[in-house]
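Spelled out from the first residue to the last, the chains are:
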Amino acid sequence: MSGAALGLEIVFVFFLALFLLHRYGDFKKQHRLVIIATLLAWYLCFLIVFILPLDVSTTIYNRCKLAVNSSPAESNGSYVTLAPSKQKCFKPWSYIPDGIMPIFWRVVYWTSQFLTWILLPFMQSYARSGGFSITGKIKTALIENAIYYGTYLLIFGAFLIYVAVNPNFNLQWSQLQTIGIAAANTWGLFLLVLLLGYGLVEIPRSHWNGAKRGYLLMKTYFKAAKLMTEKADAEENLEDIMEEVRKVSESIKYNHPLRKCVDTILKKCPTEYQERMGRNMDDYEDFNERQNTYPSEKSLAKLHKQVIYSVQRHRRTQVQWQILLEQAFYLEDVAKNESSATRQFVHTFHSQEPENKIIQYFYTPTVEWYWECLLRPWFYRVLAVVLATFSVIVVWSECTFFSTKPVLSLFAVFIQLAEKTYNYIYIEMACFLTIFFLSICVYSTVFRIRVFNYYYLASHHQTDAYSLLFSGMLFCRLTPPLCLNFLGLTHMDATISHKNTQPTAYTSIMGSMRVLSFIADGFYIYYPMLVVILCIATYFSLGTRCLNLLGFQQFMGDSEMTSDLIDEGKELIRREKRKRQRQEEGENRRREWKERYGNRDDSTRSRAVHTDQKESSFSETNANRPLSKYTRSNGRTERDRIELLQDAEPLDFNADSVSDDPLESDSGRYQPGGRYLSMSRSKIFDDV
């Protein structure tokens, strides 16, 4: 089993990262390099989180072997080993042979750092560039990243000068490497505490509020009002951009040197706009005959960039609006079915996507009613309590993990108790649950935050390339300090435990932070305590209140603006619901019409075709007669009239009024498709 656990987790994490990327990205429309770079960044970060518990169990086993094999005289040597257990050290099932983990961590860590500091920022600028050639996009990306790279070189130079001036340090390559790692981890830890403080409170609270149906429905109405505003703004912005594209397309003709750039822009436009613009491009004019002012290639690149952004935003708002409508309709169905006496869940609208037969067989309407109306609220409440307990333990451990005598960090206490009995399964499960919960709190915040329209991870394949690459950068910068923080909470880091024990392979790759004592003994220990302040601020929604005061509409129960938006969203949902109901009623009437009169239509069609064949043969035998062409046109007219009767929408004879059109208020008025209101039901096909 040596190395088998490592191989299984490597494969599992790859498919996990691929599944998440497929949910947020679009493999068909986005560039392959963007997909590959983002997948690699996510994969490496998730891999570190899943493999680190195996590193901890392997390190504990190595310490056990060293403690058993060493003599008392050797215990004062290079390693201060733990007291050996009376029982023999058993090799864990997930044991990784010596020499594999250091190489593995070195490859994973430096690859992720290369991605986050060099490749992904460059690809971000490349993806957002409006250039029409690879050379132009690379040039734009290099110019935009010059300031970005210069800032980090300045920070690294400041650290380098500090170490060079200090006479206690001798500049060596290993120490320079440690300084670079310390600088990257310091930046990551600063952002990590901010995201962690938000997630520790918001995740349990969101699950607790998930049990409140009224709360979820009101928040959905609020989101609907905000999304409708954004949707209208996206449509207006797209119309303005398309108008600029139309003017440019009309001014630059086919024989202009920049016409290839215009064609590239037109390919990025929606299909309906391409057809509309193509109608006025049949003429051919020489651009030298008239002295017109033509846009430059730089302005066309800017327009190209605006087209890509506006089309992506318009498509995203359209998809999100449909998803939000389905969510609102479902929450309203849950509210209606809570008082159902039959205890069977009834949907207002049928699902537009085909349901899985296996799920449909087990997830019956009765099971759905018990889950949605009875069990799910309680499940969310219990889950919220468990998550809140974990959050309290994390906050307590973050404030006390620097204390080694006595050990106050609860995670360190759990690991040390398991280490005494060498229960590797318990050690790995405790480590995995701890780091997994920390990762969920941090990564979920990355998926939730939105920086205007520049960074936004939207599900259902609606995330743009810039946001995907930016999320990969954040993951690569947050994961190493997250793992170091986890090792500090469990006292597996020698910098925290102040013991000269055998370190984990991950810590050995990070290097000794003693090179920068003010970071190792100061920032790394005391800065995580700020998570308490951030948790308090999140609990009282101070950030939400500040954004609301600045004019950014946020969901707050005691705000008048929130109440107005809820009412507006409720009216929007009601309007869309009536529209959907009218569409389904029309489809049902058409279905009933085809089921009731389908056979009669088929027989009518066969008789008409037979008559048409007779008339056609008669006209062929009498080709010299002038009336033959009228016979054939009469057959076509007959067929056209039959097709009109079949495609016409059926009348609703039970309705109070047939049409709402005020232009059709006269008696005996003509209906589309060849129907008259004065016509009886039994004489519809008499003329055929």
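Predicted model only: the values in this text are computed from it and were never measured.

**Q** Let's hear about helix α12 (residues 410-421): which residues, and what values?
**A** With twelve residues, α12 extends 18 Å from end C-alpha to end C-alpha; this agrees with the ideal 16 Å at 1.5 Å per step. Listing the buried residues of α12 in full gives F411, A412, I415, A418 and E419. Relative to the axis of α12, the buried residues are bounded by an arc of 135° and lie together on one face. In α12, the exposed positions angled more than 90 degrees off the buried face are occupied by L417 and K420. In this fold, the buried residues of α12 make contact with α2 (32-69), α11 (365-400), α13 (424-448) and α14 (465-489). Positioned one or two residues after α12, Y422 has a phi angle of 55°, which is positive.

**Q** How would you summarise the nonpolar core if you had to cite specific residues and measurements?
**A** Among the nonpolar cores identified, the biggest contains 96 residues, and W42, W105, L200 and Y506 are the most heavily contacted of them. Of the residues forming this core, the biggest block, 21 residues, is contributed by α2. When sequence neighbours within four positions are dropped, the list of residues in contact with W105 reads I48, I51, L52, D55, A505, Y506 and I509.

**Q** Give me the lowdown on the confidence of the model for the protein chain, citing residues and values where you can.
**A** Looking at the protein chain, the pLDDT average stands at 80 and 78% of residues meet or exceed 70. Considering only residues more than four positions removed or in separate chains, one finds that residues 73-87, a stretch of pLDDT under 50, has 23 contacts. Scored below 50 in pLDDT, residues 616-688 shows 57 contacts in the model against residues more than four places distant or in partner chains.

**Q** Please provide a residue-by-residue account of the pattern of salt bridges, values included.
**A** What the rule picks out here adds up to 14 salt bridges. Across the salt bridge formed by E230 and R316, the nearest N and O atoms sit 3.3 Å from each other. Here E230, found in helix α6 (residues 213-251), pairs with R316, found in helix α9 (residues 297-337); they are 86 residues apart in sequence, far enough to count as distant. Like R316, E230 is buried.

**Q** An account of the side chain of S397 is needed here, citing residue identities and associated values.
**A** Locating S397 in the fold gives a position in helix α11. The exposure class assigned to S397 is buried, which follows from its relative accessible area of 0%. One polar contact links the side chain of S397 to the main-chain amide nitrogen of L410, over a distance of 3.4 Å. Filtering out sequence-adjacent residues up to four positions away, S397 remains in contact with S409, L410, F411 and L489.

**Q** Outline a positive patch on the surface, listing residues and values.
**A** Together, R575, R578, K579 and R582 give the surface a local cluster of positive charge. With respect to the element layout, R575 can be found in helix α20 (residues 560-621). Assessed through its relative accessible area of 45%, R575 is described here as partly exposed.

**Q** Describe in detail the packing of α9 against α11, supporting the description with residues and values.
**A** Two measures define how a pair of helices packs: the angle their axes make with one another and the distance between the axes. For the pair α9 and α11, the least separation of the axes is 10 Å and the interaxial angle reads 95°. If you check the angle between α9 and α11, you find them roughly perpendicular. Contacts between α9 and α11 pair Y330, V334 and N337 from the former with E368, W369, E372 and C373 from the latter.

**Q** Quick one: what's the story with the packing of aromatic side chains, residue by residue and with numbers?
**A** As enumerated under the stated definition, the model contains 34 aromatic pairs in all. Ring centres of W117 and W187 lie 6.3 Å apart, and the angle between their planes is 75°; this geometry places the pair in the edge-to-face category. Of this pair, W117 sits in helix α3 (residues 100-128) while W187 sits in helix α5 (residues 173-210), and the two are 70 residues apart along the sequence. Judged by relative accessible area, which is 16%, W117 ranks as buried. The class for W187 is partly exposed, based on a relative accessible area of 33%. When the centroid spacing of 5.4 Å and the interplanar angle of 20° are considered together, the rings of F432 and F436 count as stacked. A residue pair is termed a helical-turn pair when its members lie 3 or 4 positions apart in one helix, as F432 and F436 do in helix α13 at four residues. The partly exposed category is assigned to F436, whose relative accessible area is 36%. Sitting above the plane of the Y466 ring, R128 keeps its charged end 4.6 Å from the centroid. Against the face of W187 rests R477, its NZ or CZ located 5.0 Å from the ring centre.

**Q** Break down a negative patch on the surface for me, with residues and values.
**A** Taken together, the side chains of E236, E239, D240 and E244 present a region of like negative charge at the surface. Along the polypeptide, D240 turns up in helix α6.

**Q** Mind laying out unusual backbone geometry, listing which residues take part and the relevant values?
**A** Of note, the amide linkage connecting K405 to P406 takes the cis form, showing an omega dihedral of -5°. Take P406: it is sitting in the loop between α11 and α12. We note that H460 has phi near 60°; this positive angle belongs to a residue other than glycine. Tracing the backbone through its elements, the reader meets H460 in the loop between β2 (455-456) and α14. Positive phi, close to 65°, is recorded for H461, a residue that is not glycine.

**Q** Please set out the environment of E332 residue by residue, giving values where relevant.
**A** Position of E332 among the secondary structure elements: in helix α9. Separated by 2.6 Å, the side chains of E332 and Y221 make a polar contact.

**Q** Mind laying out the packing of α6 against helix α7 (residues 259-268), listing which residues take part and the relevant values?
**A** Two numbers describe how α6 lies on α7: the axes approach to 10 Å, and their chain directions differ by 150°. When the axes of α6 and α7 are compared, the pair comes out roughly antiparallel. Where α6 crosses over α7, the two elements pack in a sense that is left-handed. Facing V245, V248 and S249 of α6, the residues of α7 in contact are R259, V262, I265 and L266. Residues belonging to the contact of α6 with α7 are distributed by class as follows: five nonpolar, one polar and one charged.

Quick notes on the rules
- Residues numbered from 1 in each chain as written.
- Predicted model: local features only at pLDDT ≥ 70, side-chain atom pairs only at ≥ 80, totals over all residues.
- Heavy atoms only, no water.
- Helix = DSSP H or I, 4+ residues; strand = E, 2+ residues; numbered from the N terminus.
- Expected span 1.5 Å × (residues − 1).
- Buried < 20%, exposed > 50% of the residue type's maximum accessible area, 1.4 Å probe, protein only.
- Arc of directions from axis to C-beta.
- Contact = heavy atoms within 4.5 Å.
- Core = buried A, V, L, I, M, F, W, Y, C linked by side-chain atoms within 4.5 Å.
- pLDDT = per-residue confidence, 0-100.
- Salt bridge = Lys/Arg side-chain N within 4 Å of Asp/Glu carboxyl O.
- Polar contact = N/O pair within 3.5 Å; in protein donor to acceptor, adjacent residues only side chain to side chain.
- Patch = residues over 30% accessible without salt bridge, like charges linked within 9 Å, V, L, I, M, F, W, Y side chains within 5 Å.
- Areas by Shrake-Rupley, 256 points an atom, 1.4 Å probe, with all protein chains shown as cover.
- Lys, Arg positive; Asp, Glu negative; His and termini not counted.
- Charge placed at Lys NZ, Arg CZ, Asp CG, Glu CD.
- Axes fitted to C-alpha atoms, helices over the stretch in contact; angles between N-to-C directions.
- Parallel < 35°, antiparallel > 145°, perpendicular 65-115°, else oblique.
- Phe/Tyr/Trp six-rings, centres within 6.5 Å; stacked < 30°, edge-to-face > 60°.
- Lys NZ or Arg CZ within 6 Å of the ring centre and 35° of its normal.
- Left-handed = near helix turned anticlockwise from the far one by under 90°.
- Nonpolar A, V, L, I, M, F, W, Y, C, P; charged D, E, K, R; others polar.

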